Amino acid sequence: MGKWTYTPVSPGSALEKGATLQHEGLEVDLHYSSSIFEDFLDVVYRIQNEFNRRFHEAAPLKTSVAERSGQMFRE
């Protein structure tokens with residue numbers, strides 16, 4: 001979340017205390033939207049994992065003959 005810190009609701013916590021976002025002394029209470037935000041973070045996490053899996057499974061790019069011989073960098 002960048003510079004923001006997400007603190008989820010801990011199990012067994014008081015019902016009046018929801019999840020929060022904190023940044024530089026500011027705190028945003030996510031009492032009404034914490035479950036929606038947690039779902040969003042879960043989806044982003046799954047997207048990142050799928051991207052990483054596909055990226056690592058992708059065939060390496062083929063280099064050109066000029067790149068392999070170093071001719072691209074000669075003047």
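Every chain begins its residue count from 1, and numbering advances along the sequence as written. A pLDDT threshold of at least 70 governs which residues receive local features in this predicted model, and a stricter bar of 80 or more applies before side-chain atom pairs are shown or counted, although totals over entire chains, interfaces and linings include all residues. Side-chain numbers come from the whole structure's heavy atoms, not from hydrogens or water.

Asker: Would you mind going over the packing of aromatic side chains with me for this structure?
Answerer: For any pair of aromatic rings, the description rests on two quantities: the centre-to-centre distance and the angle between the ring planes. Only centres within 6.5 Å qualify two rings of Phe, Tyr or Trp (six-membered ring in Trp) as a pair; their planes then separate them into stacked at under 30 degrees, edge-to-face at over 60, and tilted for everything else. For the structure on display, the rule yields one aromatic pair. Between Phe51 and Phe55, the aromatic rings sit 6.1 Å apart at their centres with planes inclined by 20°, giving stacked as the arrangement. Taken together, the residues Phe51 and Phe55, both in helix α1 (residues 34–57) and four residues apart, mark about one turn of the helix. Classification of residues uses two cut-offs on accessible area relative to the type maximum, computed with a 1.4 Å probe and protein chains only: under 20% is buried, over 50% is exposed, and between them is partly exposed. The exposed category is assigned to Phe51, whose relative accessible area is 54%. According to the relative accessible area criterion, Phe55 is exposed, its value standing at 54%. Secondary structure is summarised from DSSP: a helix means a run of H or I of at least four residues, a strand means a run of E of at least two, and numbering begins at the N terminus for each.

Asker: Teacher, can you tell me more about the sheet that holds strand β3 (residues 26–29) here?
Answerer: By way of backbone hydrogen bonds, the strands of a sheet pair with one another, either parallel or antiparallel. Here we have three strands laid out as an open sheet, ordered β1-β2-β3, and antiparallel in their pairing. Edge positions in the sheet fall to β1 (5–7) and β3, since each of these pairs with one other strand and no more. With strand direction ignored, the average angle separating the axes of adjacent strands in the sheet is 20°. In this scheme, strands are said to pair when DSSP sees at least two bridges between them. Relative to strand β2 (residues 20–23), β1 is paired through three bridges, and the arrangement is antiparallel. Each bridged residue has a counterpart across the sheet, and for Tyr6 the counterpart in β2 is Leu21. Angles here are taken between N-to-C directions and fall from 0 to 180 degrees, while the axes themselves are lines fitted to C-alpha atoms, restricted in helices to the stretch in contact.

Asker: Whenever I open this one, the environment of His31 confuses me. Can you help?
Answerer: Turning to its location among the elements, His31 is positioned in the loop between β3 and α1. When the C-alpha atoms of His31 and Val9 are compared, they prove to be 9.0 Å apart, with 22 residues separating the residues in sequence.

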